[in-house]
Amino acid sequence: MFENTIFGKLDQKLQHAIDDAGYRKPTPIQEQAIPYLLDGRDLIGCAQTGTGKTAAFMLPILNRLIKVRRPRHIGHPRALVLSPTRELAAQTAENIKAFSKYAQLPFACVFGGVSQFGQVKDIKKGAETIVACPGRLIDLMTQGIIYLDQVECFVLDEADRMLDMGFLPDIKRIISKLPKNRQSLFFSATMSPPILKLAGELVTDPAQVTISPETPTVERINQKVMFVEKASKDSLLIHLLKTHPEWTRVIVFTKMRHGADRVTKKLSRENISCAAIHSDKTQGQRTRALDGFRKGTVRVLVATDIASRGIDVPDVSCVVNMELPLETESYVHRIGRTARAGESGAAISFVTGAERGQLKAVERFIKKTIPVDRDHPFHSEESDRKNGKQGDGLPQAPWVHPANRNKANKKRNGHVGFQGRRQPDFGNRKGKQ
Ligand code: AMP
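Bear in mind the structure is a predicted one, so any value in this text is a computation, not a measurement.

Caption draft 1: Broad picture of the overall build of the protein chain. Counting its secondary structure elements, the protein chain contains 17 helices and 13 strands. Accessible surface computed for the protein chain: about 18,900 Å², of which carbon and sulfur atoms make up 52%.

Next up, the structure:
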């Protein structure tokens, strides 16, 4: 069914499942990585979530589990995938479930924050693949429930995130329990010296695949900056959500957990369906929020950075940054949520005068000046001035009451005819640049 692509080299059962998942052709990382992995090579992949990397590593692993049958030993998985966050682990497990639907390949997904009961049950049923976050995995190893001595394929996913989250000692401990003779796959969105050092300890004679979607992804996204006073940010968000009913799935990023809770409260008061996900939420709350967002019952997901990687929801119409992240790289990860697997999206960042340093840092990082949108009732001249951007973007109407500014700007811009710089159909730009 996929004769002319690398998918055609996979077992028929996997090909059927890929077809059911709606994949028509491999993504670049799949095209490049799958041949090496089918050959049993180790791999270093420089790629971020959103490129199709999960299928790139999971399909060859599942293919091996189908082709090379071994008697099942309870608690001794043949494949282990380490993920930094519960969300990413759960998503990888969803992928395994979808790909193995015709091939009886039991798996377990283990992470903390929930009872281990269901996870242990899946392991006892003979899970051959385990997707795990480091903490709970070590916990289950200590309890004698999981042994790593029969792992044939090991994947370290989002290694950079793992290091950021302080998992290095856990990872080293886990690696020390793996058999020497194994296939190792190492994925990271960035490759700094400590990450390369860790990779060097893990892989042998690796093939290397680099997919750099950061710039292309960011280029597909229609980015804007809105200058606003801190105290007006919530009102601006509510204004945008009310004037853009076509944004059916919006992710709002806040820097702090309490900020996420405050925004959710305010939106709820305005009858805008929303849910927050951050590290103070229980796993049940996070899962319910993400499920609701996927199904479309939750329109706005309010998240902190911890949740920004790994959220994989197609058709996110817009990402709003209530504050710019302190880590510039997070900006790319945040806004990348709106442009998954080839779709285009929109991203708006609310910026105050005090945040000018962060805006400059982000623009340096993405090597692009983000256009300013002053066409909203909460525009702050002061923030605009402090950011030194007054020469950019749309011309500003002379001072008018904030409530009338939208109208005044429209009128003025209509006269001077800045069509080339206006983007009036911001909410509906699927497929456009
Ligand atoms: P990932 O980078 O693994 O998180 O994948 C990002 C998204 O792309 C997920 O929704 C996948 O289901 C989707 N995806 C992965 N591979 C393909 C493909 N070959 N064709 C279409 N969509 C894909």
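Okay, back to it.
Caption draft 2: Representation of the site of the ligand within the structure. The local shell around the ligand holds 14 residues, among which Tyr23, Gln30, Gly50, Gly52 and Thr54 are the closest. Separating an oxygen atom of the ligand from a side-chain N or O atom of tyrosine 23 is a distance of 2.7 Å. Within the backbone of glycine 52, an N or O atom sits 2.7 Å from an oxygen atom of the ligand. Calculation on the ligand without its partners gives an accessible area of 500 Å², and the protein chains cover 82% of this total. Each residue belonging to the shell around the ligand can be placed in one class, and the counts come to 4 nonpolar, 7 polar and 3 charged.

Caption draft 3: Broad picture of the nonpolar core. Grouped together as the largest cluster of nonpolar side chains are 40 residues, with contacts concentrated most on Phe7, Ile29, Leu43, Phe57, Met58, Leu59 and Leu62. Of all the secondary structure elements, the ones that give two or more residues to this core are helix 1 (12-20), helix 2 (28-38), helix 3 (53-67), strand 2 (79-82), helix 4 (86-99), strand 5 (153-156), strand 6 (183-188) and strand 7 (207-210). Among the elements that line this core, the one with the most residues is helix 3, at 9 residues. Apart from residues no more than four positions distant in its own chain, methionine 58 is found in contact with Val81, Thr92, Ile96, Phe99 and Thr129. Core analysis: the second largest hydrophobic core is formed by 33 residues, Leu80, Ile130, Met141 and Ile174 among them.

Caption draft 4: Quick peek at the pairing of strand 10 (residues 274-277). Covered by surrounding structure in strand 10 are Cys274 and Ala276 together with Ala275 and Ile277, the residues of both alternating faces. Pairing geometry for strand 10 and strand 11 (residues 300-303), over 4 bridges, is parallel. Opposite isoleucine 277, over in strand 11, you have alanine 303 as the bridge partner. With helix 13 (residues 283-295) bridging strand 10 and its parallel neighbour strand 11, the resulting β-α-β unit is right-handed.

The rules behind each value
Residues numbered from 1 in each chain as written. Predicted model: local features only at pLDDT ≥ 70, side-chain atom pairs only at ≥ 80, totals over all residues. Heavy atoms only, no water. Helix = DSSP H or I, 4+ residues; strand = E, 2+ residues; numbered from the N terminus. Areas by Shrake-Rupley, 256 points an atom, 1.4 Å probe, with all protein chains shown as cover. Near = heavy atom within 4 Å. Polar contact = N/O pair within 3.5 Å; in protein donor to acceptor, adjacent residues only side chain to side chain. Nonpolar A, V, L, I, M, F, W, Y, C, P; charged D, E, K, R; others polar. Core = buried A, V, L, I, M, F, W, Y, C linked by side-chain atoms within 4.5 Å. Buried < 20%, exposed > 50% of the residue type's maximum accessible area, 1.4 Å probe, protein only. Contact = heavy atoms within 4.5 Å. Pairing = 2+ DSSP bridges. Right-handed = clockwise from strand over helix to strand, strands pointing away.

Treat this as a map of the structure, not an account of what it does.
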